Amino acid sequence: ENRQRHPLKRMTRDAVNGTCAVVPPGGANSSSSEPFSEEEAGTSTFMVGVVLSVIADVIIAVSLNVQKTAHMRNEGADGKPVKGMLKLPLWWLGLLLNVGGELGNMLAYGFAPASVVAPVGSVGVIANEVIAVLFLKEPFRWRDAAGLVAIVGGVVLIIVAVPEDPVDLNAVVLQREYYARPAAYGYLIGLWCAVVLFLVHVEPRYAQKSVLVWLLLCSMISSTTVIAARGFSSMLTQAVGGDCAGAHCVGDELFPPCRLTLAHYLFWVLLAIIVTTAIWSAYFLNRAMMIFGNTEVVPVYYCTFTLASIVGGGVCVRRRVPQHMPAAPPHTPPLRSLPSR
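Residues numbered from 1 in each chain as written. Predicted model: local features only at pLDDT ≥ 70, side-chain atom pairs only at ≥ 80, totals over all residues. Heavy atoms only, no water.

Enquirer: Got a sec to walk through the overall build of the chain? Specific residues and values, please.
Expert: On a plain count of helices and strands, the chain comes out with 10 helices and 5 strands. Buried residues in the chain amount to 45% of all 341 residues. The long-range fraction of contacts in the chain, counting pairs at least 24 apart against all pairs at least 6 apart in sequence, stands at 81%. On the chain, roughly 17,100 Å² of surface is accessible, and the fraction owed to carbon and sulfur atoms is 67%. (Helix = DSSP H or I, 4+ residues; strand = E, 2+ residues; numbered from the N terminus. Buried < 20%, exposed > 50% of the residue type's maximum accessible area, 1.4 Å probe, protein only. Contact = heavy atoms within 4.5 Å. Areas by Shrake-Rupley, 256 points an atom, 1.4 Å probe, with all protein chains shown as cover.)

Enquirer: I'd like a description of unusual backbone geometry, backed by residues and values.
Expert: Backbone geometry at C258 places phi at a positive 70°, although glycine is not the residue there. Of note, C258 is situated in the loop between β5 (253-255) and α9 (265-291). Look at C258 and you get buried, because its relative accessible area is 18%.

Enquirer: A description of the packing of aromatic side chains should follow, citing residues and the corresponding values.
Expert: Enumeration over the complete set of coordinates arrives at 7 aromatic pairs. Ring centres 5.7 Å apart and planes at 20° place the aromatic pair W192 and W280 in the stacked group. Of this pair, W192 sits in helix α7 (residues 182-206) while W280 is found in helix α9, placing the two residues 88 residues apart along the sequence. The exposure class assigned to W280 is partly exposed, which follows from its relative accessible area of 30%. By way of ring pairs, the aromatic residues W192, W280, Y283 and F284 are connected into one cluster. (Phe/Tyr/Trp six-rings, centres within 6.5 Å; stacked < 30°, edge-to-face > 60°.)

Enquirer: Go over the confidence of the model for the chain with me, naming the residues and quoting the values.
Expert: With 76% of its residues at a pLDDT of at least 70, the chain reaches an overall mean of 76. Within the chain, the element-level pLDDT minimum falls on strand β2 (residues 12-13), averaging 42, and the maximum on α7, averaging 92. Low pLDDT (under 50) marks residues 1-18, which in the prediction has 61 contacts with non-local residues, meaning those over four places away or in another chain. Note that residues 320-341 has pLDDT below 50 and, in this model, 47 contacts with residues that lie over four places away or in other chains. (pLDDT = per-residue confidence, 0-100.)

Enquirer: I'd like a description of the environment of T45, backed by residues and values.
Expert: Position of T45 relative to the elements: it lies in helix α1 (residues 38-73). The exposure class assigned to T45 is partly exposed, which follows from its relative accessible area of 34%. Separated by 63 residues in sequence, T45 and A108 have C-alpha atoms that sit 9.3 Å apart.

Enquirer: Which residues make up the state of the cysteines, and what values go with them?
Expert: Inspection of every chain in the model, using the stated rule, returns 1 disulfide. Here C244 pairs with C258 through a disulfide, and the sulfurs are 1.9 Å apart. Judged by the sign of its S-S torsion, about 130°, the bond between C244 and C258 is right-handed. Pair noted here: C244 is in the loop between α8 (211-241) and β4 (248-250) and C258 is in the loop between β5 and α9, with a separation of 14 residues, a long-range link. Its relative accessible area of 31% is what places C244 among the partly exposed residues. (Disulfide = S-S within 2.5 Å.)

Enquirer: Please provide a residue-by-residue account of the environment of K137, values included.
Expert: With respect to the element layout, K137 can be found in the loop between α4 (122-134) and α5 (142-161). With a relative accessible area of 66%, K137 lands in the exposed category. A distance of 3.1 Å separates a polar atom in the side chain of K137 from the backbone oxygen of L134. (Polar contact = N/O pair within 3.5 Å; in protein donor to acceptor, adjacent residues only side chain to side chain.)

Enquirer: Run through a nonpolar patch on the surface, naming residues and quoting values.
Expert: A cluster of nonpolar side chains, V51, I55 and I59, forms an exposed patch at the surface whose accessible area comes to about 240 Å². Tracing the backbone through its elements, the reader meets I55 in helix α1. (Patch = residues over 30% accessible without salt bridge, like charges linked within 9 Å, V, L, I, M, F, W, Y side chains within 5 Å. Salt bridge = Lys/Arg side-chain N within 4 Å of Asp/Glu carboxyl O.)

Enquirer: Give a description of the nonpolar core that names residues and reports values.
Expert: Judged by nonpolar contacts, the single largest core of 61 residues is most densely connected at Y109, L174, L215, L270, L285 and V297. In terms of residues, this core owes the most to one element, α8, which gives 14 residues. Setting aside its immediate chain neighbours within four residues, L174 contacts L169, Y179, A180, G231, M235, L266 and L270. Listed in part, the 5 residues of the second largest apolar core include A70, L88, W91 and L95. (Core = buried A, V, L, I, M, F, W, Y, C linked by side-chain atoms within 4.5 Å.)

Enquirer: Account for the packing of α7 against α9, with residues named and values stated.
Expert: Taken N-terminus to C-terminus, the directions of α7 and α9 make an angle of 30°; their axes are 15 Å apart at the nearest point. Of the two elements, α7 crosses α9, and the hand of that crossing is left-handed. Judged by residue contacts, W192, V195, L199 and E203 of α7 engage T277, W280, F284 and R287 from α9. (Axes fitted to C-alpha atoms, helices over the stretch in contact; angles between N-to-C directions. Left-handed = near helix turned anticlockwise from the far one by under 90°.)

Enquirer: Which residues make up the side chain of T277, and what values do they have?
Expert: With respect to the secondary-structure elements, T277 resides in helix α9. A polar contact of 3.4 Å, which involves the side chain of T277, links it to the backbone oxygen of I274. Residues within four places of T277 in sequence aside, it is in contact with W192, I221, T224 and T225.

This is how it looks when you write it as structure tokens:
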């Protein structure tokens, strides 16, 4: 698949034919004489995404164990909760930590693809194992150690093998080249049909017997969160990075300031989807932690969430090269600036 970068370019409208014009680096009125290294910039942002994800996942692991502690302290002699979890201050502390960790993960999706950010969540699995064994006194088995070693090896392979994603996901690119694809909305329709099926037929019968039921529900819903977060985070980083500083072009079309990010309805729709699905998935994750131990819940959730995230991201955020945007010649540096008029 031929991938070309479509960066946000500062441009001016041609007074005669109303088109976008660009000049090469070092051209008229260019402030920099040094060539722009797209490869260096891509690697830098890629590693920023990885580091953000590692820190965020450690915070999430701490938050889950804080919430598990709240559930354990709230358990009565009959094994049932004494109070509703919303009345537990310790549970709210865990929730706030979880929100902070998830915000860090959401930002990470703006710098690295979901196929990297989601597997890096294994750092959270390792941190959870340490916390659960040392502080919650849950058992540690040799098969747990073998699983952790395999997870770490898999994550290293993914980080080394997955290429940086060179595409700037602004509102226009997302609509035309990603979300409008039949595979994308077909996947989402099928996903939510599966969620409804689980809610109606599977959860009432098997949720208390198998840890997979609530965790599969949580992971399927979180898959939608990841798809939305990938676009939202990229739009947010572009807004901060200069989209609102002036007009920009995508292809041959000129867009006013912020029109590709903050001023586009898609930015706010994605934010609403992220908030709604994140809260809903957290509800099912907490249900699982109330019944099952964290050394069981977190590793299983990591596996189901990673699988759902990679599949969802691969289907919905997989770019096709549009016919109206011809590929640039090989070894041609991206055009970044415009002549002043």
